[in-house]
Amino acid sequence: MTIGIGVIGLGFMGRTHIGAYAAARAAGHDCRLVAVSDRDPARLTGEAGGGGNIATGSGERLFDPAEVRGHTDVAALLADPAVHLVSICTHTDTHVPLALAALQAGKHVLLEKPVALEPADVQRLIDASQMAGRLCMPAMCMRFWPEWAWLKGKVADGSLGKVRTAMFQRLGSGPAWAPEFYRNDAKSGGALFDLHIHDADFVCFLFGAPLEVSSAGTDHHVTTLYRFRTEDQGGCGPRHVVAAGGWDHAPGFPFTMRYVVNFEGGTAEFDLSRTPTLRLHRGGQSETIDCGPGTGYDGEVRHLLTAIQASTPASGLKASLADALLVTRLLQAERQSLRSGRPVAI
């Protein structure tokens, strides 16, 4: 069955999803973009635009409006029987209502992060997804980024030994696009929820839920120390895991995305601004790790398309709403630690 795709919201992330679906189709996945929706009629022409921290395409025309139905009314897209999977790429405060409507309409959903700012709203989606019998996957793209998937594999297989320390860094200047949304913390959650979420989620993906967090800074630039149960405490977590995320740098500051993870058998270092991006240092030597082409956006789209075709249950997804619920609770604990200046248990 050809999976019909609908994309809601044609800002940077909506355009990124469209490009990822086109690449998936070119790679042999049986899918086709059939409909798009945006409140701005000018965006329904198929012309590409700018914005975003990471370049994701060539800027060519995204779709042919003669072949892809365009709607300013979301309800019209959701009523289209040719749409089987909906990508929701709108502002955070619209995520839950749109996802609930899509599930009620019988669609599978790929939902941009953060899913919501409150755990109760994520739980509503978990319940609705189960009731509808449809997949609703949060777009936790770092879980699918080739060099980050490599890191997950090394932690899981133990081939480099146990992790001693792990550091993640994601820094930039404030988003220049949609300032009325991103500068409204009540809607966006600030850099804590919109930017730092990637590393907070990946920490959980690697090591499970931490025992407690200790955070310093502000909602716009946070550094968090995650404490896990260590081996001498009957666990297997590293003794030192830290992540820093912020968008309070001056305009022109280059976007930074890094990790340095120190294993017993070597140190892995990823830096988006460098070519090659991933190196492994061990035995006095440094080697380049080639993880192949593609981005996390490509990976998440292909994973969900494959899951739909195979009738995979939600528990079989590499990123689930249960994961989104955990990271939402985690970020709320980090915010509480920021306010109180004290560690907060998860």
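Refer to the structure presented above.
All of the points below concern the structure found in this document.

**Focus on the sheet that holds strand β8 (residues 212-218)**
Strand pairing within a sheet occurs via backbone hydrogen bonds; the two strands may be parallel or antiparallel. With respect to topology, 9 strands assemble into an open sheet ordered β14-β13-β12-β11-β7-β10-β9-β8-β15, the strand pairing being mixed. At either margin of the open sheet sits one strand with a lone partner, and together these are β14 (285-288) and β15 (344-345). Here 8 bridges tie strand β7 (residues 163-173) to strand β11 (residues 256-263), and the two strands are oriented antiparallel to one another. When the sheet's bridge partners are listed, Arg 170 is paired in β11 with Met 257.

**Quick word on the sheet that holds strand β1 (residues 3-8)**
The strand order across the open sheet built from 6 strands is β3-β2-β1-β4-β5-β6, with neighbouring strands paired in parallel fashion. Every other strand in the sheet has two partners, leaving β3 (69-71) and β6 (136-138) as the edge strands with one partner each. For this sheet, the mean angle separating the axes of adjacent strands, direction not counted, is 20 degrees. Sheet analysis places strand β5 (residues 108-111) next to β6, joined by 3 bridges and oriented parallel. Residue pairing in the sheet places Val 109 in a bridge with Cys 136 of β6. Running over the sheet, helix α3 (residues 95-104) touches β1, β4 (85-88), β5 and β6 and is turned about 160 degrees from β5.

**Points about the nonpolar core**
Judged by nonpolar contacts, the single largest core of 106 residues is most densely connected at Phe 168 and Tyr 259. Look past the residues within four positions of Phe 168 in its chain and what remains in contact with it is Trp 148, Leu 151, Asp 199, Phe 202, Val 203, Leu 206, Val 242, Ala 243, Ala 244, Arg 258, Tyr 259 and Val 261.

**Re helix α5 (residues 146-157)**
Taking 1.5 Å of rise per residue, the 12 residues of α5 would be expected to cover 16 Å, and the 16 Å separating its terminal C-alpha atoms lies within 8% of that figure. Here α5 has its buried residues at Pro 146, Glu 147, Trp 148, Trp 150 and Leu 151. Of the surrounding secondary structure, the elements contacted by the buried residues of α5 are β7, α9 (197-207), β11, β12 (266-271), β13 (278-282) and α10 (296-309). Positioned one or two residues after α5, Gly 158 has a phi angle of 70 degrees, which is positive.

Conventions we followed
- Residues numbered from 1 in each chain as written.
- Predicted model: local features only at pLDDT ≥ 70, side-chain atom pairs only at ≥ 80, totals over all residues.
- Heavy atoms only, no water.
- Pairing = 2+ DSSP bridges.
- Helix = DSSP H or I, 4+ residues; strand = E, 2+ residues; numbered from the N terminus.
- Axes fitted to C-alpha atoms, helices over the stretch in contact; angles between N-to-C directions.
- Contact = heavy atoms within 4.5 Å.
- Core = buried A, V, L, I, M, F, W, Y, C linked by side-chain atoms within 4.5 Å.
- Buried < 20%, exposed > 50% of the residue type's maximum accessible area, 1.4 Å probe, protein only.
- Expected span 1.5 Å × (residues − 1).

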